[in-house]
Amino acid sequence: MVRKVYTLILSLLVITLNCFSQKTKRLNEGWQYLRQDLGSVWQAVRPVAKGSSESVPLWQSVSLPHCFNAQDGVDPDVNYYQGPGWYRTNIQVDNPYKQGRTLLQFEGAGQKTSVYIYTTKVAEHVGGYDEWTADITEAVEAFKKTEVFQKQFKGFVPVSIRCDNSRDTEMIPSSLSDFNIYGGIYRYLNLVYVPSLSFDKIFAEAVLNEDMKTGTIQVRGRFYNPHNLAGGNVVLKLKDSKGKEIRTITSTLRSLSGDSKLGTFEVKGPKQWHPENAVLYTIEASVVTPEGIFRQAEKVGFRRFEFQEKGPFILNGKRLLLRGTHRHEDHAGVAAAMTEDQIRKEMQLIKDMGANFIRLGHYQQSRIVLNLCDSLGILVWEEIPWCRGGLGGVIYQNQAKGMLTNMIEQHYNHPSVIIWGLGNENDWPGDFPTFDQQQIRAFMKELNDLSHRLDPVRKTAIRRCDFCKDIVDVYSPSIWAGWYRGIYTEYKKVSEEENQRVKHFFHAEWGGDSHARRHSESPDNALIQVKEGEGADERAGDASLFGGPARVSKDGDWSESYICNLMDWHLKEQETMPWLSGSAFWTFKDFSTPVRPDNPVPYVNQKGVVERDLTKKEAYYVFQSYWTTKPMVHIYGHSWPVRWGDAGQSKMVKVYSNCDKAELFLNNKSYGVKTRNSQDFPAAGLRWSLPFEGGKNTIRVVATKGRRVISDTLSFDYETRKWTKPAKLEIRKLGEQDGVTTVEAKLFDAAGVQCLDAANVVKFSLTGDGKLIDNQGTSTGSRVVQLYNGRAIIKVNTQQGSSVIGASVDGIKTAFLNLGEAGPILRTSLER
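To keep things clear, this report deals only with the structure shown in the data block. (Residues numbered from 1 in each chain as written. Predicted model: local features only at pLDDT ≥ 70, side-chain atom pairs only at ≥ 80, totals over all residues. Heavy atoms only, no water.)

**Describing the side chain of D75**
Rules: Counting from the N terminus, the helices are the DSSP runs of H or I reaching at least four residues and the strands are the DSSP runs of E reaching at least two. Under the rule applied, a polar contact is a pair of N or O atoms within 3.5 Å (in protein, one hydrogen donor and one hydrogen acceptor; residues adjacent in sequence only if both atoms are side-chain atoms). Whether two residues are in contact is decided by their heavy atoms, any of which lying within 4.5 Å being enough.
Take D75: it is sitting in the loop between β3 (60–62) and β4 (84–91). A polar side-chain atom of D75 sits 2.9 Å from the main-chain amide nitrogen of D77. Beyond its immediate sequence surroundings of up to four residues, D75 is in contact with Y603, N775 and R783.

**Overview of the packing of aromatic side chains**
How we decide: Centres within 6.5 Å make a pair out of two Phe, Tyr or Trp rings, where for Trp the six-membered ring is used; the pair is then stacked when the planes are under 30 degrees apart, edge-to-face when over 60, and tilted otherwise. Type-normalised accessible area, obtained with a 1.4 Å probe on protein chains alone, sets the label of each residue: buried when under 20%, exposed when over 50%, and partly exposed for intermediate values.
Using the criterion set out here, one finds 44 aromatic pairs in the structure. Seen from their ring centres, Y118 and F143 are 5.0 Å apart, and the 40 degrees between their planes marks the pair as tilted. Of this pair, Y118 sits in the loop between β6 (112–117) and β7 (120–126) while F143 is found in helix α3 (residues 137–144), placing the two residues 25 residues apart along the sequence. With relative accessibility at 17%, the residue Y118 sits in the buried group. Under the relative-accessibility criterion, F143 is labelled buried at 3%.

**Structural notes on the sheet that holds strand β35 (residues 642–644)**
Quick reminder of the rule: A pair of strands is considered paired only if DSSP assigns at least 2 bridges between the two. Under this scheme, a helix contributes an axis fitted over its contacting stretch, all axes are lines through C-alpha atoms, and angles between N-to-C directions fall in the 0 to 180 degree range.
Judged by pairing direction, the sheet is mixed, and its 5 strands sit side by side in the order β35-β41-β40-β37-β38 without closing on themselves. Because the sheet does not close on itself, it has two edges, and the strands there are β35 and β38 (669–675). Shown here is a sheet whose adjacent strand axes are inclined to one another by a mean of 30 degrees, direction ignored. Taken together, the 3 bridges between β35 and strand β41 (residues 708–719) define a ladder with parallel strand orientation. Bridge assignment links R643 to a residue of β41, and that residue is Y718.

**A few points about helix α12 (residues 619–627)**
Of all 9 residues in α12, 9 are buried, a share of seventy percent or more. When we look at burial in α12, the residues that qualify are A619, Y620, Y621, V622, F623, Q624, S625, Y626 and W627. Its buried side turned inward, α12 meets β23 (322–327), α5 (340–353), α11 (560–574), β34 (633–635) and β36 (650–657).

**Some remarks on the nonpolar core**
Which entries qualify depends on this criterion: The criterion is simple. A nonpolar core is a set of buried Ala, Val, Leu, Ile, Met, Phe, Trp, Tyr and Cys residues joined through side-chain atoms within 4.5 Å.
Among the nonpolar cores identified, the biggest contains 138 residues, and M347, W386, F764 and I805 are the most heavily contacted of them. When residues no more than four places from it in sequence are discounted, the contact partners of I805 are I731, V743, F764, S765, L766, L772, I794, V796, A815, F816, L817 and L819. In terms of nonpolar packing, the next biggest core, distinct from the first, is built from 43 residues, W59, Y97, V115 and V140 among them.

**Topic: the side chain of T216**
Mapping T216 onto the fold places it in strand β12 (residues 214–224). A polar atom in the side chain of T216 sits 3.0 Å from the side chain of E266. Beyond its immediate stretch of four places on either side in the chain, T216 contacts E205, A206, V207, N209, T264, F265, E266 and F302.

**Some remarks on helix α6 (residues 367–376)**
Residue pairs spaced three or four apart in an α-helix point in one direction, given the helix's 3.6 residues per turn. Judged by how many residues are buried, α6 sits mostly within the fold: 7 of 10 residues are covered. The complete set of buried residues in α6 reads I368, V369, L370, L372, C373, D374 and L376. Backbone nitrogen of I368 and a side-chain oxygen of the N-cap are separated by 3.0 Å at the start of α6; the cap is S366. The positive-phi residue at the C-terminal boundary of α6 is G377, with phi of around 85 degrees.

**Digging into the environment of S114**
Mapped onto the elements, S114 comes out in strand β6. With 50 residues separating them along the chain, S114 and D164 place their C-alpha atoms 9.0 Å apart. Setting aside its immediate chain neighbours within four residues, S114 contacts K121, A123, E124, S160, I161 and R162.

**So, the state of the cysteines**
Rule in force here: A pair of sulfur atoms, both from cysteines and within 2.5 Å, is called a disulfide here.
With the rule as written, the count across this model stands at 0 disulfides. Free of any disulfide, C387 has its nearest cysteine sulfur in C465, 12 Å distant. Residue C387 is classed as buried on the basis of its relative accessible area of 2%.

**Focus on the packing of α11 against α12**
Just so we agree on the cut-off: Orientation is classified from the angle alone, with under 35 degrees giving roughly parallel, over 145 giving roughly antiparallel, 65 to 115 giving roughly perpendicular, and any other angle giving oblique. We call a crossing left-handed when the near helix sits turned anticlockwise from the far one by less than a right angle, and right-handed when that turn is clockwise. Classification used: nonpolar for Ala, Val, Leu, Ile, Met, Phe, Trp, Tyr, Cys and Pro, charged for Asp, Glu, Lys and Arg, polar for all others including Gly.
Two elements in contact, α11 and α12, have axes whose closest approach is 9 Å; the angle formed by their N-to-C orientations is 20 degrees. It follows from the interaxial angle that α11 and α12 lie roughly parallel. Handedness of the crossing formed by α11 with α12: right-handed. Residue-level contacts link E560, I563, C564, M567, D568, L571 and K572 of α11 to A619, V622, F623, Y626 and W627 of α12. Among the residues forming the contact of α11 with α12, the class breakdown is 9 nonpolar, no polar and 3 charged.

**Focus on the pairing of strand β14 (residues 245–253)**
Relative to β14, strand β13 (residues 232–239) runs antiparallel, the two sharing 8 bridges. Residue L238 lies in a different strand from β14, and its bridge partner there is R247. The antiparallel pairing of β13 with β14 creates a hairpin that spans 5 residues between the two strands, and G243 there sits at a positive phi of about 90 degrees.

**With respect to the environment of S561**
With respect to the element layout, S561 can be found in helix α11. Taking relative accessible area as the criterion, S561 reaches 3% and is therefore assigned buried. Separated by 39 residues in the primary sequence, S561 and S522 have C-alpha atoms spaced 8.4 Å apart. When near neighbours in sequence (up to four residues on either side) are disregarded, S561 contacts R518, H519, S520, P523, Y636 and K654.

Here you go:
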């Protein structure tokens, strides 16, 4: 009787709780890092007198998240580091629960990880992208009983973690992949206290019924029960999007093994989750035992979706054209170790661009990303990193199945997820002596069956593996019209043909590279060399900048001007394809890759519409003009300081806008009003031919949408002089702010005319007190970079000292600039 009364009191208590009962702390600060291996964990924890000559190797202080390859992933002079690295810190452990468990919860660490408490290994994990937990309870308690706990560590517990991203063909992803396989604790690491019985996972399946007027939420739970408790009480609470409690269910558990049914909520008139109104409900689940209370919250949403056969995508009974992009976890200066604030900024930019869909390439991504997709209203295709290389053996296949299981179970509740991706470019051999299509088909079917067992509702998909296209629910072939093959005007025809070859077609990956700040007066010239009618797929060797047939990816100018035209054409055609489920261009943000050392920014895939530091390229506004409803207007060329041509020659000015009408002014003179028509290519009819004056010109556009009036202005110089071959390099200071100096190098001919089509590689160097802000993987953050229209920019942290910066181009005298004192531009006295 006493037991029943106690259980009832606990149940009533959990209903009234307003905060989570378990304790969680991000372990961000106080870490040291060593970029090499140790002979043993003892070398991480052994006592060494401060300043002793034995205090080697040297550790550096870092914060988490942290990536081995924050800088060298885009260093133009080295291969990025792949090998072991160690982290160490001392933590205070004070679990408030009697018989509670102390956990280290990893949101992601690459790629093989081992965890030690003092010298005891407590856990290891293989895989760089799924979440996992190390239970350190027993090891901590054992260490606390030792003399060294008080004498050497003064009541703290030493934690050492070894990460390793060494190449291993029996791991996925393949090192042939077009992205870096990073090392480090590059997502958040949490110290978590839980009672002796807690939830391992909660599965909340929210279903919008066919009548669209009712919904059901079935809740299952899996328990973490290392003490083998016999049972407990569960309290489920359902709250609406405003936090109002709708219903509570209380039940008693008789069994804690396997997955247990916790309760079912029937909801009348549920608010539907949709990209334009991402309504989220909250399930709060509490498990109550005499040993403590554990509480967990999960967000769910009611939506119903369908890919119609050879037809469009349907969400909540209506067609929705999926307007998508892709994302890698990669950012300037930190690589994979993006902070929550950086992730939020990126995802908001994606939403502001008008996207309603994203493919997370090519691996399970941070829980922060998925939570933001839920709340922002961005539908998701998430996939495992079975990417290129072929198919390995039992260890390889078990890892792939484990990663698929973890991805589905860990992200099961997110209403944004509609597709589980099983692989990418699995027709790409190279890691193994044999490449057997039938073996790949058999394993793909095994993954497909596993996915549907774990989640019968969501669809499966792959991209670019034609001999497996019949296995999955949704298939995306390779279509790169106007980049790797063909010309962009072939896009619609090729897509129609591919749509007829499969039941459910989606177009993932299209677009092309653009070197930020490079522009062209004749961007489509390279198309003249390209053969039409030979397909638009990417084939072996097409990504190379050398050899093979003519293609824009090799023979084009990589200008923003060309990519804007290519994307503009695709978007206008998609509006005339009523059968299209959707597409996702590759990719939102430039990212680092080991397989592109010769790109204008070395080791960077430059297909993003923003740079690696989220600086917008011009193409960002092309998408906004098609995909958004909030009035916007943007004149092409804000990063184009000098245009060129003959005196009196008419030049095109393009305006990207979703407004109905726009009027353009050149040097305060109106050149008329244009009406937007999405099918009037380019720029949906918002283009003007204008006679620029030599020297400074100013353009202003005034656009109207309903009663809203918005405008945009830019200024530039117009060069009418002709230049000859490059002859001299100059370097000058553009400005200084907060101790950071911006420097620009320019290439001129012998007469002093800037070579505005020059794409030479420039190399920056620095000597003195300052530091180049390089290895950012951006057009203004690389010490080796191709010129954009005869110029290149880099920044220097002067560190309140004196420095000399140099800029060199093969065959041209090196230029120098003294940053320590005011004075004229210094030109070279050194010959290369």
